[in-house]
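Descriptive structure summary
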Amino acid sequence: MAPTKKAEKPAEIKAIYNPPEHIIKNATVREYDKLYRRSIEDREGFWAEQAELLDWYQKWDQVLDDSQAPFYRWFTGAKTNIIQNAIDRHLKTARRNKLAIIWEGEPGDTRTFSYHALNREVSKLANVLLNMGVKRGEIVTIYMPQIPELAFAMLACAKIGAAHSVVYGGFSVEALAGRITDAQSRVLITADGGYRRGRATKLKEIANEAMQRAATIEVCITVKRTGEEVYMENDRDFWYHDLMSMPIAGHKCETVPMDSEEMLFILYTSGTTGQPKGLVHTHGGYAVYTATTHRMVFDIKEEDRWWCAADPGWITGHSYIVYAPLINGATVIMYEGAPNHPYPNRWWQMVEKYGINILYTSPTAIRGLMRFGRAWPDRHDLSSLRLLGTVGETINPEAWRWYHEVIGRGNCPIMDTWWQTETGGFMITPLPITALKPGSVTFPFFGIEIGVVDEQGQEVATGADGNLVIKAPWPGMARTIHGDPDRFLETYWKDYKKQGWYKAGDAARIDEDGYVWIIGRTDDVIKVAGYRLGSAEVESALASHEAVTEAAAIGLPHEIKGHAIHAFVILRAGLSGSSQLESELKEHVGREMGPIAKPESIEFVDMLPKTRSGKIMRRVLKARALGEDEGDLTTLEE
Ligand code: PRX
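Residues numbered from 1 in each chain as written. Predicted model: local features only at pLDDT ≥ 70, side-chain atom pairs only at ≥ 80, totals over all residues. Heavy atoms only, no water.

**Section: the sheet that holds strand β20 (residues 414-416)**
Keep this limit in mind: DSSP bridges decide pairing: two strands pair if at least two such bridges lie between them. Starting at the N terminus, helices and strands are each numbered in turn, a helix being any DSSP run of H or I of at least four residues and a strand any DSSP run of E of at least two. Between the N-to-C directions of two axes lies an angle of 0 to 180 degrees, each axis being a line fitted to C-alpha atoms and, for a helix, fitted only over the stretch in contact. What makes two residues a contact is simply this: any of their non-hydrogen atoms within 4.5 Å.
Spatially, 7 strands are ordered β5-β4-β17-β16-β18-β19-β20 in an open sheet, and the strand pairing comes out mixed. In this open sheet, the two edge strands, each paired with only one partner strand, are β5 (110-114) and β20. Direction aside, the axes of adjacent strands within the sheet are offset by 20° on average. Relative to strand β18 (residues 358-361), strand β16 (residues 305-308) is paired through 3 bridges, and the arrangement is parallel. Bridge pairing in β18 places Trp-307 opposite Leu-359. Sheet strands in contact with helix α5 (residues 115-131) are β4 (99-104) and β5, and its direction is about 95° off that of β5. In this fold helix α11 (residues 315-327) packs onto β4, β16, β17 (331-335) and β18, with an angle of close to 165° to the strand it touches most, β16.

As structure tokens, this is what we get:
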């Protein structure tokens, strides 16, 4: 379990990168300070102005209803549907024939959809869902590879007022079954599989197993992607292409006007307990927030080709592959597979082939590609790129500079955006006009008021670490945790209840120039390759193996993934650890949760450090593994 070499600390970097003249001159937002002050002094006025840029069936009575804080409500009284803005309004303009989605599969097959064609696919699928009895407000689970049908499925649900719950295609049986049950989904949309590193994944097989564990599914619709043989159950399983070619699919479908605050989707994310939480986002505020942040931060121009190289199964994909870019009428690039398949130039080939203008990805992906050397990107014409972006974890200066110099050829500013599943969209982020410090997420977005505070809520000194809090509501914020409003209060709003602040769960620092630096999570959430996993989830997957009595999981630094999972396991009496059992346990976690959750290493131990009340002290395990000071041990049981 060797921690990686000591890296340069982001906060020690002093260099400042000024944006090129031509970027500043053409930027959508040319001035930050004044507009920021205005957006804070008149927050509701600012958001109303942004909301005016969208279409509404009926305007709001009130911009912000805080009468039941922290259960805030935005644009109350308004009627809209995110589809009204993401598709319908474009059909009335020249955008009708503009490309909405350019998709490329890993094997190299391509498909493109204009806004007109997108509307057709979504309308037909919406009719199919209506025919399957899908009702407004019910939650449809989607478990798919990165193919256009994934976006169609999300959009079709929204169009008829159903909510979607997308489960990341890299997750496995346990994770899928748990999420289906929590959402009480009656309908599942999936695919036979998808392509990843030249292999066909077996999604339908996993879905079948999950449906056995989660009894609520009555209808399962399967897209044929790989053509591999799969088991289909009579009366439950239907092929997508069969349904779409039946008369019930029709070709027209009316978008259902929704209340602004009606649920658009839930998205599960990891927290500190084993049970993932389904965060609820709504039609009105989410549309306004994601569209505004996308337009201003990435300076979206009519002719731009936008590539957010994330998976739609995560919030990044929901907000910035599907909803925001479509609302802004952009051309979205989608790619199915691995960045280095068949060769490490796959992404750079994509940039050149499609003339991509903006690339938004994660530090993990950058580090992964950097490892193959600059000869791969250097073979390609990347001159179409104007802006770059990153998200998911703090970017180390080495990766930042490589991204900036090799991919951006020194003249594409990097938008390092800090946000969360809970926030819906970018919260702390540069604008194209911002002078950048590598590794800093710079300044709060318009309307966002932040603080870096101690446990009592006092602002910490300049340059000191503290808890990151958000001091006032914003339209994109999650409204609650599905089925568990108490947990919503407890997780985010309890610690600074007196002040009414949202606690992000991250430690941060603000330097003498006001730049924000994100240090990392303060709870038991581990960011593996930018993906969010809970220690408790990994531990319960390990404990579900018959050889295991108890387990603890922590995240330790990893050169490519940022962090990797290391586990400590107590075996059942009479059993002893071996490298064979170690690999078996890793496989077991992979099978239960998905490959990203597989521990990097497993150590067999006789005891785990615990508090007197029986809680595992993961911080002690972590400090020991890193050879650091173990801190306060007074609560440690002998
Ligand atoms: O720790 C922060 C980290 O990712 C967490 C949120 O994870 P998730 O809900 O999966 O959303 C990720 C994509 C929006 C945060 O609490 N994080 C996200 N962006 C950054 C970041 N850490 C540092 N810099 C970022 N730009």
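**Quick notes on the site of the ligand**
What counts is decided by this rule: Consider each residue's heavy atoms; a residue with any of them within 4 Å of a molecule or strand counts as near. The definition of a polar contact used here is a pair of N or O atoms within 3.5 Å, where within protein one atom must be able to donate a hydrogen and the other to accept one, and adjacent residues in sequence count solely through side-chain atom pairs. Residue-level accessible areas treat just the shown protein chains as cover; the underlying method is Shrake-Rupley with a 1.4 Å probe. In this classification, Asp, Glu, Lys and Arg are treated as charged, Ala, Val, Leu, Ile, Met, Phe, Trp, Tyr, Cys and Pro as nonpolar, and every other residue, Gly included, as polar.
As a matter of local geometry, the ligand sits amid 18 residues, with Asp-416, Thr-417, Thr-421, Arg-521 and Arg-532 nearest to it. Contact between the ligand and Thr-417: a nitrogen atom at 2.8 Å from a main-chain N or O atom of the residue. Here the ligand loses 96% of its free accessible area of 550 Å² to cover by the protein chains. Elements that contribute at least two residues to the shell around the ligand include exactly α11 and β24 (516-521). Each residue belonging to the shell around the ligand can be placed in one class, and the counts come to 6 nonpolar, 6 polar and 6 charged.

**With respect to the packing of aromatic side chains**
What counts here: Only centres within 6.5 Å qualify two rings of Phe, Tyr or Trp (six-membered ring in Trp) as a pair; their planes then separate them into stacked at under 30 degrees, edge-to-face at over 60, and tilted for everything else. Note on classification: 1.4 Å probe, protein chains only; a residue is buried when its accessible area is under 20% of the maximum for its type, exposed when over 50%, partly exposed between these limits. In our convention, an over-ring charge means Lys NZ or Arg CZ found within 6 Å of a ring centre and within 35 degrees of that ring's normal.
The tally for this structure, following the rule as stated, stands at 43 aromatic pairs. Aromatic pair Tyr-17 and Trp-400: ring centres 4.7 Å apart, planes at 55°, arrangement tilted. Of this pair, Tyr-17 sits in the segment before α1 (21-26) while Trp-400 sits in helix α15 (residues 397-407); the two residues are 383 residues apart in sequence, bridging distant segments of the chain. Seen from their ring centres, Trp-47 and Tyr-289 are 5.3 Å apart, and the 50° between their planes marks the pair as tilted. Pair noted here: Trp-47 is in helix α3 (residues 43-51) and Tyr-289 is in helix α10 (residues 283-297), with a separation of 242 residues, a long-range link. Taken individually, Trp-47 and Tyr-289 each receive the classification buried, so the pair is uniform in this respect. Following the ring pairs from residue to residue traces out a cluster consisting of Tyr-32, Tyr-36, Phe-46, Trp-47, Tyr-289, Phe-443, Phe-445, Phe-446 and Tyr-515. Taking NZ or CZ as reference, Arg-111 lies 5.9 Å from the ring centre of Trp-103, over its face. In this arrangement the basic side chain of Lys-437 is found over the ring face of Tyr-515, its NZ or CZ atom lying 4.5 Å from the centre.

**Topic: the pairing of strand β11 (residues 219-223)**
Taken residue by residue, a regular strand's side chains alternate between the two faces of the sheet. Taking burial as the measure, the 5 residues of β11 include 5 buried ones, the bulk of the element. Side chains Val-219, Ile-221 and Val-223 project from β11 onto one buried face, and the interleaved Cys-220 and Thr-222 project onto a second face that is buried too. Bridge analysis of strand β8 (residues 187-191) against β11 gives 5 bridges, and the strand direction is parallel. Looking at β11, one finds that Leu-188 is bridged to Cys-220. Sheet topology note: the β11/strand β12 (residues 237-239) ladder contains 3 bridges and is parallel. Its bridge partner lying in β12, Ile-221 is registered against Phe-238.

**Regarding the packing of α5 against helix α6 (residues 148-159)**
Convention followed: Each crossing gets its handedness from the near helix: less than a right angle anticlockwise from the far helix is left-handed, clockwise is right-handed.
Where α5 contacts α6, the two axes come as close as 8 Å, and the packing angle between them is 65°. Two packed elements cross with a definite hand, and for α5 against α6 that hand is right-handed. Contacts between α5 and α6 involve Leu-118, Asn-119, Glu-121, Val-122, Ser-123, Leu-125, Ala-126 and Leu-129 from the first element and Phe-152, Ala-153, Leu-155, Ala-156, Cys-157 and Lys-159 from the second. For the contact of α5 with α6, the per-class residue count stands at 10 nonpolar, 2 polar and 2 charged.

**A look at the packing of α10 against α11**
For clarity, the threshold we go by: Angles are sorted into four bins: roughly parallel if under 35 degrees, roughly antiparallel if over 145, roughly perpendicular if 65 to 115, and oblique for all others.
Viewed as axis vectors pointing N to C, α10 and α11 meet at an angle of 90°, and their least axial separation amounts to 9 Å. In terms of orientation, α10 lies roughly perpendicular with respect to α11. Two secondary-structure elements touch here, α10 through Tyr-286, Ala-287, Thr-290, Ala-291, Thr-293 and His-294 and α11 through His-318, Ser-319, Tyr-320, Tyr-323, Ala-324, Pro-325 and Ile-327. When grouped by side-chain class, the residues that make up the contact of α10 with α11 number 8 nonpolar, 5 polar and no charged.

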